[in-house]
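Chain by chain, the residues run as shown.
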Amino acid sequence: MSILPPPDTGFDLEVPILIVGAGACGLVAALTAHDVGAEVLVVEADSAPSGSTALSAGLIPAAGTRFQRDAGIEDSADLFAQDIQKKAKGENPQELVDLLAGHSGKVIEWLADKFDLPFSVVTDFDYPGHSRRRMHGLPTRAGRELIDRLRTACEAQGIDIICNRRATSLFVDGDIVKGVRLEGPNGTEDVGCNALILACNGYGGNRAMVRQFMPEIENAVWFGHDYNQGDAVTWGEALGAETLHLGAYQGHGNVAHPQGILITWAVITQGGVQVNLNGDRFWDESQGYSEAARAVLAQPEGMAWTIFDSRIAAIARQFQDFKNAEAIGAIRTADTLAELAEVTGLPEANLTTTLSEIPTHGTDAFGRSFLGESLKPPYCAVKVTGALFHTQGGLRVNQDARVCRSTGGVFPNLFAAGGAAVGVSGSGDSGYLSGNGLLAATVLGHIAGSAAANDMKEEHGHA
Ligand SMILES: Cc1cc2nc3c(=O)[nH]c(=O)nc-3n(C[C@H](O)[C@H](O)[C@H](O)COP(=O)(O)OP(=O)(O)OC[C@H]3O[C@@H](n4cnc5c(N)ncnc54)[C@H](O)[C@@H]3O)c2cc1C
């Protein structure tokens, strides 16, 4: 990963807008720029568009959408912005929060109307920290469907996505990016561009950077996409770009072990609990799934059992991942507490006491409020561990998603979005509000694509 002066011999290819990374961010940026009328090229290190986007549940929070109105949900960008800041204890730049919350509804509706993405809002359970139901997802509630539909939309628009090409160097003259060196099966290719959008996510796949910036999660399972090696931050730091909150990340404390399947946090928000291998509760699970990773990893063997029941399983079944976990036997079921102890291997007496101490209506010793139905047989249980999903620190950007210089001002033709840019999750792990990842990928991707394309129009107009 290096910064080079423009090649003396010129470029092998020149494009107006070059986008590095074909996750949700890169593809939304490409669709937007194309929609505004600019020519774009997306380059992707992997053999097909996938990224962490494909590994996700594909749920994107957005406020004030018609999907919400149709479901009778009243929401506003202001309320959404307040929820984001509350979860992150006010640590985010307010203007970035307002930008993302303010554009979220518009972007979801644009993707639905323009490219036929059949979003619906999740109406049957709450996500921690969201004061309104605003998670929008596709029918399978799986990120694979999101990326496949975005790729299909790009193909239908004639947008070129070249895979098996890793960007390794930026060509820069002063503070203007001139192009990118790609490594691929046929060696290196140098591509010139008028604007560059970094959509290559964060540094969760880079062990050294994880150790440096978030040592507390260093030993967790890495659950994101391996190609997310922190290239945007590495280039940005070499260029003198401003970075922010490099210790921020999203963990998840509900990954089925040893199957490695994400179990939706709905099993907790609907009344489920986590117990350690002694059968003891150990924290207030309602705080959120990101900080759950650290809570679970601090338990004996870094493991826990998530206990819920068949009513909750019926809700969780809208997620393809949950169905997959059931299909391969990760979800154990039991008609009695004795059987639950048997199928989990947890000490029966302790497990029985622990579950009997959960209040039906009221607050438990950890400060968690239970307002819904108590757990009833048949019971369900899944053994889980904590994982690192993606990093939330990154390059600081302005209202156009242009990368800020650490000395003030911006790099005029360098944009960053999605996991390449700093998110809105504060400085650690507990500031992550559900959906912050795809919020930054889709909304900031849209803003970057639009700003870069409008620059092209202006340049054209001045020519
Ligand atoms: C299991 C899991 C579940 C999640 N669930 C949710 C959820 O429900 N809602 C939510 O909001 N967020 C969720 N997230 C987070 C979310 O997936 C990410 O925040 C989001 O996908 C980031 O999008 P992106 O386009 O920035 O990155 P990605 O989707 O990771 O795409 C980046 C792409 O850039 C490519 N790339 C990297 N470096 C280079 C390079 N040098 N040259 C060329 N290509 C490069 C990579 O190969 C990759 O394809 C989840 C994450 C995980 C791991």
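Residues numbered from 1 in each chain as written. Predicted model: local features only at pLDDT ≥ 70, side-chain atom pairs only at ≥ 80, totals over all residues. Heavy atoms only, no water.

- An unreviewed UniProt entry lists the chain under the name 3-ketosteroid dehydrogenase, from Marivita geojedonensis.

Observations regarding unusual backbone geometry
For step 1, the next point in the chain: Along the chain, H257 connects to P258 via a cis peptide bond; the corresponding omega equals 5°.
For step 2, the next point in the chain: Mapped onto the elements, P258 comes out in the loop between β13 (249–256) and β14 (261–262).
For step 3, the next point in the chain: Across the junction of P377 and P378, the peptide omega takes the value 0°, indicating a cis bond.
For step 4, the next point in the chain: Its place among the elements puts P378 in the loop between β19 (369–370) and β20 (379–391).
For step 5, the next point in the chain: One non-glycine residue with positive phi stands out, namely N164, at about 60°.
For step 6, the next point in the chain: Residue position: N164 is located in the loop between β7 (160–162) and β8 (166–173). (Helix = DSSP H or I, 4+ residues; strand = E, 2+ residues; numbered from the N terminus.)

Focus: the site of the ligand
For step 1, the next point in the chain: Contacts to the ligand come from 39 residues, most closely from E44, T53, N201, D231 and L438.
For step 2, the next point in the chain: In the model, an oxygen atom of the ligand is placed 2.9 Å from a nitrogen or oxygen of the C25 main chain.
For step 3, the next point in the chain: Measuring from an oxygen atom of the ligand, one finds a side-chain N or O atom of T53 at 2.5 Å.
For step 4, the next point in the chain: For the ligand, whose unbound accessible area comes to 1000 Å², protein coverage reaches 98%.
For step 5, the next point in the chain: Broken down by secondary-structure element, the contributors of at least two residues to the shell around the ligand are α1 (24–36), α2 (51–55), β8, β20 and α15 (436–462).
For step 6, the next point in the chain: Per-element tally for the shell around the ligand: the top contributor is α2, with 4 residues.
For step 7, the next point in the chain: Here the residues of the shell around the ligand sort into 18 nonpolar, 17 polar and 4 charged. (Near = heavy atom within 4 Å. Polar contact = N/O pair within 3.5 Å; in protein donor to acceptor, adjacent residues only side chain to side chain. Areas by Shrake-Rupley, 256 points an atom, 1.4 Å probe, with all protein chains shown as cover. Nonpolar A, V, L, I, M, F, W, Y, C, P; charged D, E, K, R; others polar.)

Let's talk about the packing of α1 against helix α5 (residues 94–115)
For step 1, the next point in the chain: Where α1 contacts α5, the two axes come as close as 12 Å, and the packing angle between them is 65°. Taken together, α1 and α5 sit at an angle that is classed as roughly perpendicular. Taken as a pair, α1 and α5 cross one another with a handedness that is left-handed. Residues V28, L31, T32 and D35 of α1 pack against W110, L111, K114 and F115 of α5.
For step 2, the next point in the chain: Tallied by class, the residues present in the contact of α1 with α5 amount to 5 nonpolar, 1 polar and 2 charged. (Axes fitted to C-alpha atoms, helices over the stretch in contact; angles between N-to-C directions. Parallel < 35°, antiparallel > 145°, perpendicular 65-115°, else oblique. Left-handed = near helix turned anticlockwise from the far one by under 90°. Contact = heavy atoms within 4.5 Å.)

Considerations on the domain arrangement of the chain
The accessible area lost on association of the parts is a frequent measure of interface size.
For step 1, the next point in the chain: Domain annotation of the chain identifies domain 1 (2–248 + 392–461) and domain 2 (250–388).
For step 2, the next point in the chain: Computed over C-alpha atoms only, the centres of domain 1 and domain 2 are separated by 32 Å.
For step 3, the next point in the chain: Each partner contributes to the interface: domain 1 provides 30 residues, whereas domain 2 provides 27 residues.
For step 4, the next point in the chain: Here domain 1 packs against domain 2, burying approximately 2200 Å² in sum over the two surfaces, 62% of which is carbon and sulfur.
For step 5, the next point in the chain: Its largest share of buried area at the contact with domain 2, domain 1 owes to F125, F223 and D429, together 27% of the area lost on that side.
For step 6, the next point in the chain: In this structure, E291 and K87 form a salt bridge, with 2.8 Å as the shortest nitrogen-oxygen distance.
For step 7, the next point in the chain: The tally of links from domain 1 across to domain 2 stands at 12 residue pairs in polar contact (both at pLDDT 80 or more).
For step 8, the next point in the chain: When residues of the side of domain 1 that touches domain 2 are traced back to their parent elements, those giving at least two are α7 (207–213) and β11 (221–222).
For step 9, the next point in the chain: Across the side of domain 1 that touches domain 2, the residue classes tally to 16 nonpolar, 7 polar and 7 charged. (Domains from an automatic or database assignment. Buried area = accessible area lost by both parts, 1.4 Å probe. Salt bridge = Lys/Arg side-chain N within 4 Å of Asp/Glu carboxyl O.)

Concerning the nonpolar core
For step 1, the next point in the chain: I17, F119, L196 and L198 are the most contacted members of the largest nonpolar core, which totals 94 residues.
For step 2, the next point in the chain: The biggest single contributor to this core is α15, with 12 residues.
For step 3, the next point in the chain: Not counting the four nearest positions on each side in its chain, F119 is found in contact with I60, F67, I108, L111, A112, H136, G137, L138 and L146.
For step 4, the next point in the chain: Residues V273, V296, I315 and L355 belong to the second largest nonpolar core, which totals 51 residues. (Core = buried A, V, L, I, M, F, W, Y, C linked by side-chain atoms within 4.5 Å. Buried < 20%, exposed > 50% of the residue type's maximum accessible area, 1.4 Å probe, protein only.)

Regarding the pattern of salt bridges
For step 1, the next point in the chain: Tallied over the full model, the rule gives 27 salt bridges.
For step 2, the next point in the chain: Residues D429 and R294 are paired through a salt bridge, measuring 2.7 Å at the closest nitrogen-oxygen approach. Pair noted here: D429 is in the loop between β23 (410–416) and α15 and R294 is in helix α10 (residues 289–297), with a separation of 135 residues, a long-range link.
For step 3, the next point in the chain: Notably, a salt bridge pairs R311 with E373, separated by 3.4 Å at the nearest N-O pair. Of this pair, R311 sits in helix α11 (residues 310–316) while E373 sits in the loop between β19 and β20, and the two are 62 residues apart along the sequence.
For step 4, the next point in the chain: Residue classification places R311 among the partly exposed residues on the basis of a relative accessible area of 25%.
For step 5, the next point in the chain: Residue class for E373 comes out partly exposed when judged on its relative accessible area of 46%.
For step 6, the next point in the chain: The network of salt bridges with common partners includes R144, D148, R151 and E155.

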